[in-house]
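One letter stands for each residue in the lines below.
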Amino acid sequence: MYDSRPAMMIVSLVTAIVLWFVISISIYPTTPRTIYHVALSVDVSEAAEADGLQVISQDVEEVTIQIEGNRSQIGNLSAEDLTASAVTDEVTTSGTRSLSIAVTSNDGTTFDVKDISPAKVSVVFDYIVSKEIEVRPSMLNITYEEGCVLDEENYVCDPNVMTISGPQKLVDQISYAVAESSQTEKLSSSKILTTSDVSFYSESDSLVDVFESEQFTFDTPAFSITIPVLYQEELGITYQITNMPSGFDVDSLNLELSEESIILAYSNATVNDMSEFNLASIPLRDINLDYSQDFTIEIPDGYTNQSGFTTVTVSLNSEGLAKKDFVLSDIGIINNSASYDFEVLTSQLTVSVIGPEDEIANLDASDLTANVDLLSYSVQADAIDGETVTFNYTPTISCSKYSDIWAVGDYSVSVQGTRTDSTTTTTEEEASETTTTEAET
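Position labels on residues start from 1 in each chain and follow its written sequence. Only residues with pLDDT of at least 70 get local features here, since the model is predicted, and only at 80 or more are side-chain atom pairs given and counted; chain-wide, interface and lining totals rely on the full set of residues. Computation of side-chain values: all heavy atoms of the structure, hydrogens and water removed.

Asks: For the overall build of the protein, give the residues involved together with the corresponding values.
Replies: The secondary structure listing takes helices from DSSP runs of H or I that are at least 4 residues long and strands from runs of E that are at least 2 residues long, numbered from the N terminus. Scanning the protein from N- to C-terminus turns up six helices and 34 strands. Radius of gyration here uses only the C-alpha atoms, and the compact-globule reference equals 2.2 Å multiplied by the residue count raised to the power 0.38. Relative to the compact-globule value of 22 Å for 441 residues, the protein shows a C-alpha radius of gyration of 49 Å, a clear excess of over 25%. Along the first, second and third principal axes, the C-alpha atoms of the protein reach 165 × 70 × 40 Å. Exposed residues in this analysis have more than 50% of their type's maximum accessible area, buried residues have under 20%, and partly exposed residues fall in between, with area computed by a 1.4 Å probe over protein chains only. The buried share of the protein, reckoned over its 441 residues, is 35%.

See below:
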């Protein structure tokens, strides 16, 4: 049958292999095998999952397994026939765990596991939580035409809050989000831009990398950013001096300001009719040799302070000035009332005056005049006592000799007024007419 030598050699080889296989099974029924690239799964227990605990990350995705078993049963096993899983029975809280690995067959084949490489898997467990955070706008490449500036108070995005969800450890790091646009533009008026780019930051303004976590999600795909533009103008700072005597040279006051000008911004809806910025009204009698006062800047509605300061100090440069006290005995009344006959009860008044040193040295009390100006005075009910009214009043001190002398400090005189006869007669006639009318009625 086998009349050729090659045919006989092939038959002999096949026969030897079959005999070797039969003898091997009989003498060595078990055999070791190494199976590579077995996928590793990590699942929390049902109780832990119900409590919200989830797998966040793992450092091993597949393992190499050395098994030993019946040659006929394990001989054809592949990686897809096996299940490698981390042992999570003891995991009930969040954190990082080093877990052992168990291997089983999918079809019930039995074998002994001799080695698993790597033998452990490091797994991060955490709870998935949600919270609402603020969204801030950012337009890094937006510039403005000369004279224009961003209205930061109204620089917002819509929506300005968003809900984020993810691992608690990651979510707890995030304090706010920033909606960002890379658009480049030079603006001279307000504009609204849209963007879907968003970054997340911690309370210390550090960027938080959230996109490496598959479990991190947020609910807003796009934002509208309002960029309000203001027009700005630099205005000189001025002040008003009040309670000055007639003829006083206000320009002689050497008052110095800590800030000479202020930059105000306003929207195109605001009519800018300001040519200067009035800081305050300063009574002349408050300006002593050591005068220095801080005034808080009060910005009118529709304007924004762009100068970076909120107070201005006004102080007197007293170089070359002197101060001296004088006693005045001739105190007059001007702009007397028609209803009352007023007189000054105070016979003498001591006042302090300031002026250039050489003028103060040559000044005499006779050069000073004290007048009670009743032009703006109205009788107060609590000052009336029958037919008289008595009150204290600050007289105006003027100097006939020099126009740069002024009085300082708190000083006043007592003034009394007696109702005039014409006022009394008129009052009585009105009362008589009222009585007659009532009788006729």
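Asks: Give a detailed account of the packing of aromatic side chains, specifying residues and quantitative values.
Replies: Two aromatic rings, drawn from Phe, Tyr or Trp (for Trp, its six-membered ring), form a pair once their centres lie within 6.5 Å of each other, and the interplanar angle then sorts them: stacked below 30 degrees, edge-to-face above 60, tilted otherwise. This structure, assessed with the given rule, holds 14 aromatic pairs. The interplanar angle of 20° and the centroid separation of 4.1 Å between the aromatic rings of tyrosine 377 and phenylalanine 391 together place this pair among those described as stacked. Here tyrosine 377 is found in the loop between strand 29 (368-373) and strand 30 (384-385), whereas its partner phenylalanine 391 is found in strand 31 (residues 388-393), with 14 residues between them in sequence. As far as burial versus exposure is concerned, tyrosine 377 and phenylalanine 391 are alike and both buried. Here a set of aromatic residues connected by ring pairs shows up, and it is made of Tyr340, Phe342, Tyr377, Phe391 and Tyr393. Above the ring of tyrosine 176, the side-chain terminus of arginine 136 is found at 3.7 Å from the ring centroid. For a lysine, the NZ atom is tested; for an arginine, the CZ atom; a charge sits over a ring if that atom is within 6 Å of the ring centre and within 35 degrees of the ring normal.

Asks: So what's going on with the sheet that holds strand 10 (residues 156-158)? Which residues, and what values?
Replies: Sheet strands pair via backbone hydrogen bonds, and the direction of the pair is either parallel or antiparallel. In short, DSSP must find at least two bridges between two strands for them to pair. Across the sheet, which stays open at both edges, the three strands sit in the order 10-17-14 with antiparallel pairing between neighbours. Looking along the sheet, the strands with just one partner apiece sit at the ends: strand 10 and strand 14 (191-195). On average, adjacent strands in this sheet sit at an angle of 30° to one another, irrespective of strand direction. Between N-to-C directions, angles span 0 to 180 degrees; the directions come from axes that are lines fitted to C-alpha atoms, helices contributing only their stretch in contact.

Asks: Before we move on, could you go through the environment of serine 100 and cite the residues and values that matter?
Replies: As for its position among the elements, serine 100 is in strand 5 (residues 95-105). Looking at serine 100, the relative accessible area reads 30%, which means it is partly exposed. Along the backbone, serine 100 and glutamate 153 are 53 residues apart, and their C-alpha atoms lie at a distance of 57 Å. The contact criterion used is simple: two residues touch if any of their non-hydrogen atoms lie within 4.5 Å. Leave out the neighbours within four places in its chain, and serine 100 touches Ser85, Ala86, Val87, Ala119 and Lys120.

Asks: Can you tell me about the confidence of the model for the protein, naming the residues and giving the values?
Replies: When the pLDDT values of the protein are averaged, the result is 87; 91% of them are 70 or greater. As a per-residue measure, pLDDT reflects the predictor's confidence and takes values from 0 up to 100. Taken as a whole, residues 424-441 scores under 50 in pLDDT and shows two contacts with residues more than four places along the chain or in a different chain.

Asks: Residues and numbers for unusual backbone geometry, please.
Replies: Geometrically, the link from serine 117 to proline 118 is a cis peptide bond, its omega value of -10° lying close to zero. With respect to the helices, strands and loops of the structure, proline 118 is situated in the loop between strand 6 (112-117) and strand 7 (120-139). Omega for the bond connecting aspartate 158 with proline 159 falls within 30 degrees of zero, at 0°, which places this linkage in the cis form. A positive phi angle, near 70°, is found at aspartate 205, a position not held by glycine. Its place among the elements puts aspartate 205 in the loop between strand 15 (197-201) and strand 16 (217-218). Its identity as a non-glycine residue notwithstanding, asparagine 243 has a phi of 60°, on the positive side. Here asparagine 243 lies in the loop between strand 18 (229-242) and strand 19 (255-257).

Asks: Could you give an account of the side chain of serine 202, naming the residues involved and the relevant values?
Replies: By the element assignment, serine 202 lies in the loop between strand 15 and strand 16. Every residue in contact with serine 202, bar those within four places of it in the chain, is listed here: Gln173, Ser175, Tyr176 and Val208.

Asks: Please give an account of the pattern of salt bridges that cites residues and values.
Replies: Any Lys or Arg side-chain nitrogen found within 4 Å of a carboxyl oxygen on Asp or Glu counts as a salt bridge. Under the criterion given, the structure shown has four salt bridges. Put simply, glutamate 134 and arginine 136 hold a salt bridge, and the shortest N to O gap is 3.3 Å.

Asks: Could you give an account of the side chain of serine 199, with specific residues and numbers?
Replies: Its location among the elements puts serine 199 in strand 15. For serine 199, a relative accessible area of 14% puts it in the buried group. Beyond its immediate stretch of four places on either side in the chain, serine 199 contacts Tyr176, Ala177, Val178, Glu180 and Leu207.

Asks: Describe the pairing of strand 20 (residues 261-266), with residues and values.
Replies: Pairing between strand 18 and strand 20: six bridges, direction antiparallel. What sits directly across from glutamate 234, in strand 20, is isoleucine 263. Inspection of the sheet shows strand 20 paired to strand 23 (residues 303-305) by three bridges, in the antiparallel sense. Across the sheet, tyrosine 266 pairs through a bridge with tyrosine 303, a residue of strand 23.

Asks: Account for the sheet that holds strand 25 (residues 321-328), with residues named and values stated.
Replies: Read across the sheet, three strands follow the order 25-28-33 without closing on themselves; strand pairing throughout is antiparallel. The sheet is open, and its two edges are formed by strand 25 and strand 33 (406-408), each paired on a single side. Each adjacent strand pair in this sheet contributes to an overall mean axis angle of 40°, direction not counted. Sheet analysis places strand 25 next to strand 28 (residues 349-356), joined by eight bridges and oriented antiparallel. Looking at the pairing, leucine 328 lines up with leucine 349 of strand 28.

Asks: Which residues make up the pairing of strand 17 (residues 223-227), and what values do they have?
Replies: Only one face of strand 17 is covered, namely the one carrying Phe223, Ile225 and Ile227; the face carrying Ser224 and Thr226 has none of its residues buried. As paired strands, strand 10 and strand 17 are joined by three bridges and run antiparallel to one another. Residue pairing across strands places valine 156 opposite threonine 226, the latter belonging to strand 17. Sheet topology note: the strand 14/strand 17 ladder contains five bridges and is antiparallel. Paired with lysine 191 across the strands is isoleucine 227, a residue of strand 17.

Asks: Please give an account of the environment of aspartate 294 that cites residues and values.
Replies: By secondary structure assignment, the location of aspartate 294 is in strand 22 (residues 292-296). For the pair aspartate 294 and asparagine 76, spaced 218 residues apart in the sequence, the C-alpha separation amounts to 93 Å. Not counting residues within four places of it along the chain, the set of residues in contact with aspartate 294 comprises Val312 and Thr313. Side-chain atoms alone can form a polar contact between residues adjacent in sequence; in general such a contact is a pair of N or O atoms within 3.5 Å, and within protein one must be able to donate a hydrogen while the other accepts it. At 2.4 Å, the side chain of aspartate 294 forms a polar contact with the side chain of threonine 313.

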